[in-house]
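One letter stands for each residue in the lines below.
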Amino acid sequence: MTTVVDTPTQASPARALVCRGCGAEYPLVAQHACYECFGPLEVAYDQAALARVTRAQIEAGPKSIWRYAALLPAGQDPATRVTLDPGFTPLIAAPRLAAELGVRGPLWVKDDSANPTHSFKDRVVSVALTAARGLGFSRFACASTGNLANSVAAHAARAGVPSIVFIPGDLETGKVITTAVYDRDLVAIEGSYDDVNRLCSELVETDEFEDTAFVNVNVRPYYAEGSKTLGYEVAEQLGWRLPEQVVIPMASGELLTKIDKAFTELVEIGLVEAPANGWRVFGAQSAGCNPIAVALHQGAEEIVPVKPTGIAKSLNIGDPAAGLYALEAVRRTGGWMDYADDDEIRDGIRQLARTTGVFAETAGGVTVAVLRKLVESGKLDPDAETVVFNTGEGLKTLDAVADLVGPTYRIKPSLRGAREAGLLH
């Protein structure tokens, strides 16, 4: 039997924080905005360090995001990690979904509902909080539309660290309960996610919160890098190759940009070859909160914030921080974006469940509904290999389909009852 050893590398490959706007560089500290142009910061790496990473090294690692530790900004030493060990979630072949949609090429569902708190947020939180511990923070926090709150509270509970998470007051009951159960501070705000995020951005500047790591505010550059592991995993699970097309749900737009970044890194350091015609990135939004997709449809260079509505609350970010970068990725790769209304989202949830056995939350319904539109409009190539991303668990958003599904029959507990219902032929 082969023993898998999680061998730490000597140092993080991260070398600096770099402004995505003007290119200014900063040390690897808790900072998320550029002092020169106020643009967002992201982690930049020592390319020589990344180039030393091999497939064999990755394959010998643990079956979690930490098999890619040599490509991440934090967590190289297992003893330093704040983690639930997420990742290595199923990549599910979806031939029946493909047949219903008219997709002839291979279709896959990357199902991140299999993570410990049942969403992809476990990836970003593990990386962010590991970095936060290294930076000396003693309390964890976030602004959240639900899944992130679940994950931060769960990570804090396992690590024995105080946490305080902030959510909109009208969040789905399932997401409130699956955060509150960890017995950490939970603050419901009378307002939208954008109101919640604005308050957290103010709190992080106060003396009372100077010891607090807000995963999607002051340590956001590290947090965002956790999303890359979705791209790494898809490539590895496909036998070290990249799909020709991906369809990704969008809230801030950051998940889409980081999956694209992961594919770019893998090609640049020689772990995979790009498809002959490159890869194409597609984005999916709810019609109730679609500012990025609308900007693309209008050919705009700016994104106009909106007030979110609709059932896909996990995607309800009306002023998306990475929206412009999502637009750039989609335009550069020749992809597209579209959006789905509430009824289409419900249909998408049911179609995914019926054809793959995956019960998605509303964000997954958005992705499937948009996939259908992309095929029907001819924007997506039905003969190309395609991966769609389900980022969360349907049990968290039961209300979305509760009125549409239920028992097929109701009978008395007897053979006569079964026969009268038509169950015996």
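Described in the following lines is the structure provided in the data block. Bear in mind the structure is a predicted one, so any value in this text is a computation, not a measurement.

Once that is clear, we can look at the sheet that holds strand β1 (residues 14-19). Taken together, the 3 strands give an open sheet; going across it, the order is β2-β1-β3, and neighbouring strands pair in antiparallel fashion. The open sheet has two edge strands, β2 (25-26) and β3 (41-45), and neither has a second partner.

Moving on, we get to the side chain of Asp260. Assignment of secondary structure puts Asp260 in helix α10 (residues 254-268). With relative accessibility at 5%, the residue Asp260 sits in the buried group. In terms of polar contacts, Asp260 uses its side chain to reach the side chain of Arg332, at 2.4 Å. Setting aside residues up to four positions removed in sequence, Asp260 forms contacts with Trp279, Val281, Ala329, Arg332 and Thr333.

All right, on to the layout of surface pockets then. As a volume, the second largest pocket reaches approximately 390 Å³. In terms of residue count, α10 provides more of the lining of the second largest pocket than any other element does, 7 residues in total. Residue composition of the lining of the second largest pocket, by class: 7 nonpolar, 3 polar and 9 charged.

Moving on to the state of the cysteines. Two cysteines joined by a covalent bond between their sulfur atoms form a disulfide. Considering all chains together, one arrives at 0 disulfides under this definition. The cysteine Cys22 is free of any disulfide, with Cys34 supplying the nearest cysteine sulfur at 3.7 Å. Take Cys22: its relative accessible area is 45%, and that puts it in the partly exposed class. Residue Cys200 stays outside any disulfide, its sulfur separated by 7.3 Å from that of Cys142, the closest cysteine. Judged by its relative accessible area of 0%, Cys200 falls in the buried class.

Attention now moves to the nonpolar core. Grouped together as the largest cluster of nonpolar side chains are 75 residues, with contacts concentrated most on Phe140, Val152, Val215, Ile248, Leu256, Met337 and Phe389. Ala141, Leu203, Ile311 and Ala360 belong to the second largest nonpolar core, which has 46 residues in total.

Attention now moves to a nonpolar patch on the surface. Residues Tyr409, Ile411, Leu415, Leu423 and Leu424 make up a contiguous nonpolar surface patch of roughly 480 Å² in combined accessible area. When you line up the elements, Leu424 lands in the segment after α15 (415-420).

Let's shift gears to the packing of helix α9 (residues 228-237) against α10. Axis separation between α9 and α10 bottoms out at 7 Å; the angle between their running directions is 50 degrees. If you check the angle between α9 and α10, you find them oblique. The crossing of α9 and α10 is right-handed. Residues Lys228, Leu230, Gly231, Tyr232 and Ala235 of α9 lie in contact with α10, whose contacting residues are Leu255, Lys258, Ile259, Lys261, Ala262, Phe263, Glu265 and Leu266.

Tallying each qualifying case throughout the model produces 5 aromatic pairs. Plain terms: the ring middles of Phe209 and Phe214 are 5.8 Å apart, the flat faces sit at 40 degrees to each other, and that makes the pair tilted. Each member of the pair, Phe209 as well as Phe214, is classed as buried. Lying over the aromatic face of Phe209, Arg139 brings its terminal NZ or CZ to 4.5 Å of the ring centre. In this arrangement the basic side chain of Lys379 is found over the ring face of Trp336, its NZ or CZ atom lying 4.1 Å from the centre.

Together, Asp207, Glu208, Glu210 and Asp211 give the surface a local cluster of negative charge. Note on placement: Asp211 falls in the loop between α7 (193-203) and β9 (212-214). Residue Asp211 is classed as partly exposed on the basis of its relative accessible area, which comes to 32%.

As for its placement among the helices and strands, Ala363 is situated in helix α14 (residues 362-377). Each C-alpha atom of the pair Ala363 and Ala188 lies 22 Å from the other, and the pair is 175 residues apart in sequence. Contacts of Ala363, omitting those with residues within four sequence positions, involve Pro249, Ser314, Leu315 and Thr391.

Further remarks concern the sheet that holds strand β4 (residues 91-93). Across the sheet, which stays open at both edges, the 6 strands sit in the order β4-β5-β13-β10-β11-β12 with mixed pairing between neighbours. Two strands lie at the open edges of the sheet, namely β4 and β12 (337-340), each paired on one side alone. Each neighbouring strand pair of the sheet contributes to a mean axis angle of 25 degrees, computed without reference to strand direction. Relative to strand β13 (residues 386-390), strand β5 (residues 107-111) is paired through 5 bridges, and the arrangement is parallel. Across the sheet, Val109 pairs through a bridge with Val388, a residue of β13. Sheet strands in contact with α10 are β10 (245-249), β11 (280-286) and β13, and its direction is about 150 degrees off that of β10.

In the contact formed by α10 and helix α12 (residues 323-333), the axes pass within 8 Å of each other and the chain directions differ by 45 degrees. When the interaxial angle is binned, α10 and α12 end up oblique. Along this stretch, α10 crosses α12, giving a crossing that reads as left-handed. Of the residues in α12, those in contact with Leu256, Thr257 and Asp260 of α10 are Tyr325, Ala326, Ala329, Val330, Arg332 and Thr333. Split by residue class, the contact of α10 with α12 holds 5 nonpolar, 2 polar and 2 charged.

Basis of the calculations
- Residues numbered from 1 in each chain as written.
- Predicted model: local features only at pLDDT ≥ 70, side-chain atom pairs only at ≥ 80, totals over all residues.
- Heavy atoms only, no water.
- Pairing = 2+ DSSP bridges.
- Helix = DSSP H or I, 4+ residues; strand = E, 2+ residues; numbered from the N terminus.
- Buried < 20%, exposed > 50% of the residue type's maximum accessible area, 1.4 Å probe, protein only.
- Polar contact = N/O pair within 3.5 Å; in protein donor to acceptor, adjacent residues only side chain to side chain.
- Contact = heavy atoms within 4.5 Å.
- 1 Å grid on protein atoms, 1.4 Å probe; cavity = no way out; pocket = protein on both sides within 12 Å on 5 of 7 lines; lining within 4 Å.
- Points joined across faces, edges and corners; volume = space filled by probe spheres on them.
- Nonpolar A, V, L, I, M, F, W, Y, C, P; charged D, E, K, R; others polar.
- Disulfide = S-S within 2.5 Å.
- Core = buried A, V, L, I, M, F, W, Y, C linked by side-chain atoms within 4.5 Å.
- Patch = residues over 30% accessible without salt bridge, like charges linked within 9 Å, V, L, I, M, F, W, Y side chains within 5 Å.
- Areas by Shrake-Rupley, 256 points an atom, 1.4 Å probe, with all protein chains shown as cover.
- Salt bridge = Lys/Arg side-chain N within 4 Å of Asp/Glu carboxyl O.
- Axes fitted to C-alpha atoms, helices over the stretch in contact; angles between N-to-C directions.
- Parallel < 35°, antiparallel > 145°, perpendicular 65-115°, else oblique.
- Left-handed = near helix turned anticlockwise from the far one by under 90°.
- Phe/Tyr/Trp six-rings, centres within 6.5 Å; stacked < 30°, edge-to-face > 60°.
- Lys NZ or Arg CZ within 6 Å of the ring centre and 35° of its normal.
- Lys, Arg positive; Asp, Glu negative; His and termini not counted.
- Charge placed at Lys NZ, Arg CZ, Asp CG, Glu CD.

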